[in-house]
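Residues per chain, in single letters:
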Amino acid sequence: MSNKPSLLTVGLEPDIERIINDLLEKTEVVTIPMDVDQLMSEVSPPPCLVISGPPKEGLSGAELAQTLRMQYPELPLFLVCNAKSGFERKDFIKNGFTDAFLLPMDTTTLRAKLSDELAKASNGTIRVFRPVKILDVTAEEPLDFETSIFMPVNKRYIKTSNKGDAVDQSLLTKLKSSKMNSMYVPAEQMQNFYSYSAKKLRDMGSKATLSATEKRDKLASSVRDLISGLFTEEAASFESGQAMLKDCGEIVKSYIVQGEDAEWYSRIQAILGERGDNYSHAGNVSTLAALFSMGLGIGKPEDMALAGLLHDIGIAELPGEIQIKAPEDMTPQELEIYKKHPEMSINMIKLRKIIVPEIVMKAILQHHELYNGQGYPNGYFGDRICKEAQILALADKFDYLTCLKEGRPYLSPSEAIEHLRRLQVDDPSKIHYQPDLLKRLLTLFPGGIPTPTHNP
Amino acid sequence: MFNPSTPVLVVDDMMTMRKLVSKICKEIGFTTISEAADGALAWTAIQNANPPIGLVISDWNMPNATGIDLVKRIRADSRFNGIPFLMVTAEAEQHQVVEALKAGVDNYVVKPFSAPVLKEKLEAIYNKRLAK
Ligand SMILES: [Fe+2]
């Protein structure tokens, strides 16, 4: 008997099959067509996870879901589609699927889920490691997660500390001096890593022994560390970049949960979560805005995370055909309507009786105002626009530039940063962000740190 | 427990679900299994069956006549009102089981279920009827 965990795929579209195969190397895959008799026969070896394509051959979504659920009561069942039509995530889940994914948007989440499930199902034969930046790690402090480093030569992970142990000093020195800057944490222990990072960030901001400047510098350098994760080699592809952003998001979430605003944040999340999008612009903007806020010491990270989550909820109230268009493709009339969305977001927040701080409302209302006065809805210019709104705008822009759109090329994080900087430097009429704020923001990104002025 | 030769009628509008439930019935040991695609067809089948149906396993939500409609018809007809009736429900319908029990259902099983679970339910029905 093979101890490799086996996976069953049912009627996958060829291009989805390719994606899945890329995601899984060390796994045995049994493939069957979407055929009722085959669905009901035993497969060997017994799978530990089932991935199904969209319902076809006369099967309804409910039928497919219930059949698989009856056949495999205990297993994770994932549905993977590449066409939006007929993709009703909620219904699929209601009828028995564990989760449903729309590719290519959800590739990251699918990859993460699959790795986690396989790691669980394999009883330790498959281990999945995630690259991380461990903030403020010292040789004295035990970590409640295992750490490893990756050896590119033989493509192996070498364990550097056990769960509950501290990392060796000599290793830390090596890590600091060499280019090897990523450590790895087993996927099943990521939650511990998130709380660790969040706690570090909280401690830095509240340590009584540090002066205000020291606190700010320390936070800035930590945020720089986290953000630099988005620029590493592992993050070069869109999917893994998004996975790292998600990790940052988990840290931000944990950060907020450890603070006073915990309940309030999860309530908002529950409202937004109803929409069930795996890949979420709002989530990304929320994460980035909170990180920018922490790194620059402007506004409260909690407020910025909230503003990020809610900034575009008004778009849902726009006519459907406008919602799916990019602003550059809109007719002048459509654009006029689109420009109402910041106000509509505010209205929806009021309508749903979500209580949010005044500054969050202000940031949302002004998130499309531009420093040169060419923005909307009010055409405010200069310092009339609040800094929180500018941070939100930058987070929004950054995610917009780096996100994958149908048929539209995306920029890598470094390209996006370069784009933001050039735009403002090359053409003074295009000053969209307060120059000093943008300058400081760029220092949070790798390569954006000003070169030291002193010579050795 | 039910005699393996008891004629079982499996009622479900989903072909796959019918096949699955029939398959499970076979696994449990039943040898005479017939199928119907909704409550109305099931009622016709029950009236025409020879030998008579000895156990109905029916889905709840179906076009034409639902599982509830079916059990009400069966209980209202003196020729058939003694047939044991097991209702198959989706998780979402669980809060409505009181309605089903009032209508005359002997027991219910929530989808998804496995062979041992179905067997347990059927044993419960059998023993309860025996005790009466
Ligand atoms: Fe917006």
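Now for a description of the structure that goes with this document. All values derive from a computational prediction rather than experimental measurement. (Residues numbered from 1 in each chain as written. Chains lettered and ligands numbered in written order. Predicted model: local features only at pLDDT ≥ 70, side-chain atom pairs only at ≥ 80, totals over all residues. Heavy atoms only, no water.)

Helices and strands together make up the secondary structure of chain A, namely 19 helices and nine strands. Looking at chain A residue by residue over its 456 residues, the buried ones come to 50%. Counting contacts in chain A only where the partners sit at least 6 residues apart, residues at least 24 apart contribute 62% of the total. (Helix = DSSP H or I, 4+ residues; strand = E, 2+ residues; numbered from the N terminus. Buried < 20%, exposed > 50% of the residue type's maximum accessible area, 1.4 Å probe, protein only. Contact = heavy atoms within 4.5 Å.)

With that out of the way, let us pick up the interface of chain A and chain B. The partner chain B presents 11 residues to the 12 residues of chain A that form the contact. For the chain A and chain B pair, buried surface summed over both sides reaches about 1,200 Å², with 71% attributable to carbon and sulfur atoms. By the criterion of area lost to chain B, the three top residues of chain A are M40(A), Q66(A) and M70(A), representing 50% of everything that side buries. Summed over the shared surface of chain A and chain B, the number is one salt bridge. Put simply, K19(B) and D37(A) hold a salt bridge, and the shortest N to O gap is 3.0 Å. Put simply, chain A and chain B have seven residue pairs in polar contact (both at pLDDT 80 or more) between them. Taken together, the elements giving at least two residues each to the side of chain A that touches chain B come down to α2 (36-40) and α3 (61-71) of chain A. For the side of chain A that touches chain B, the per-class residue count stands at five nonpolar, three polar and four charged. (Buried area = accessible area lost by both parts, 1.4 Å probe. Salt bridge = Lys/Arg side-chain N within 4 Å of Asp/Glu carboxyl O. Polar contact = N/O pair within 3.5 Å; in protein donor to acceptor, adjacent residues only side chain to side chain. Nonpolar A, V, L, I, M, F, W, Y, C, P; charged D, E, K, R; others polar.)

For the rest of this paragraph, the subject is the packing of aromatic side chains. All names here are of chain A. Per the stated rule, a full pass over the model turns up 12 aromatic pairs over all chains. Aromatic pair F292 and F445: ring centres 5.9 Å apart, planes at 70°, arrangement edge-to-face. In this pair, F292 is assigned in helix α11 (residues 281-296) and F445 in the segment after α19 (435-442), connecting sequence segments 153 residues apart. Neither residue differs from the other here; F292 and F445 are each classed as buried. Over the aromatic face of Y255 sits the side chain of R202, whose NZ or CZ is 4.1 Å from the ring centroid. (Phe/Tyr/Trp six-rings, centres within 6.5 Å; stacked < 30°, edge-to-face > 60°. Lys NZ or Arg CZ within 6 Å of the ring centre and 35° of its normal.)

Turning next to the sheet that holds strand β5 (residues 99-102) of chain A. Residue and element names in this part refer to chain A. Strand order across the open sheet formed by five strands is β2-β1-β3-β4-β5, with parallel pairing between neighbours. The open sheet has two edge strands with one neighbour each: β2 (28-32) and β5. Adjacent strand axes in the sheet meet at a mean angle of 20°, parallel and antiparallel pairs treated alike. Of the pairings in the sheet, the one linking strand β1 (residues 6-10) to β2 comprises five bridges and is parallel in character. Bridge pairing in β2 places L7 opposite V29. With respect to the sheet, α3 is in contact with β1, β3 (49-52) and β4 (77-81), its orientation differing from that of β4 by roughly 150°. (Pairing = 2+ DSSP bridges. Axes fitted to C-alpha atoms, helices over the stretch in contact; angles between N-to-C directions.)

This brings us to the nonpolar core. Among the nonpolar cores identified, the biggest contains 76 residues, and I134(A), F193(A) and F292(A) are the most heavily contacted of them. Residue assignment places this core across two domains, with domain 2 (129-208) and domain 3 (213-448) of chain A each supplying three or more. Not counting residues within four places of it along the chain, the set of residues in contact with F292(A) comprises I227(A), G297(A), I391(A), L394(A), A395(A), L441(A), L444(A) and F445(A). With 46 residues, the next largest nonpolar core counts L79(A), C81(A), V10(B) and F113(B) among its residues. (Core = buried A, V, L, I, M, F, W, Y, C linked by side-chain atoms within 4.5 Å. Domains from an automatic or database assignment.)

Attention now moves to unusual backbone geometry. Note that the residue after S44(A), namely P45(A), is joined by a cis bond; omega there is -5°. Here P45(A) lies in the loop between α2 and β3. With an omega of 0°, the peptide bond between N50(B) and P51(B) qualifies as cis. By secondary structure assignment, the location of P51(B) is in the loop between α2 (39-48) and β3 (55-59). Here the phi dihedral of N64(B) falls at roughly 65°; this positive angle occurs in a residue that is not glycine. By the secondary structure assignment, N64(B) is in the loop between β3 and α3 (67-76). N64(B) gets classed as exposed once you look at its relative accessible area, which sits at 67%.

On to the coordination of the iron ion. All names here are of chain A. Surrounding the iron ion are the protein donor atoms D312 (OD), H341 (NE2), H367 (NE2) and H368 (NE2), which sit 2.2 to 2.3 Å from the metal. Classification of the site at the iron ion rests on its four donor atoms, whose angles at the metal span 81 to 165°, yielding the label irregular. The sequence pattern describing where the donors of the iron ion fall on their chain is D-x28-H-x25-H-H. Of this pair, D312 sits in the loop between α12 (301-310) and α13 (320-323) while H367 sits in the loop between α16 (358-365) and α17 (387-402), placing them 55 residues apart in sequence. Here D312 and H367 have matching classes, each one buried. (Donors = N, O, S within 2.8 Å, 3.2 Å for Na, K, Ca; no water. Tetrahedral: all angles 85-135°; square planar, octahedral: opposite > 155°, others 65-115°.)

All names here are of chain A. In terms of burial, β1 is a largely internal element, five of the five residues being buried. Both faces of β1 are covered, namely the face carrying S6, L8 and V10 and the face carrying L7 and T9. Here β1 pairs with β3 via four bridges, running parallel. Note on β3: the bridge partner recorded for T9 is I51.

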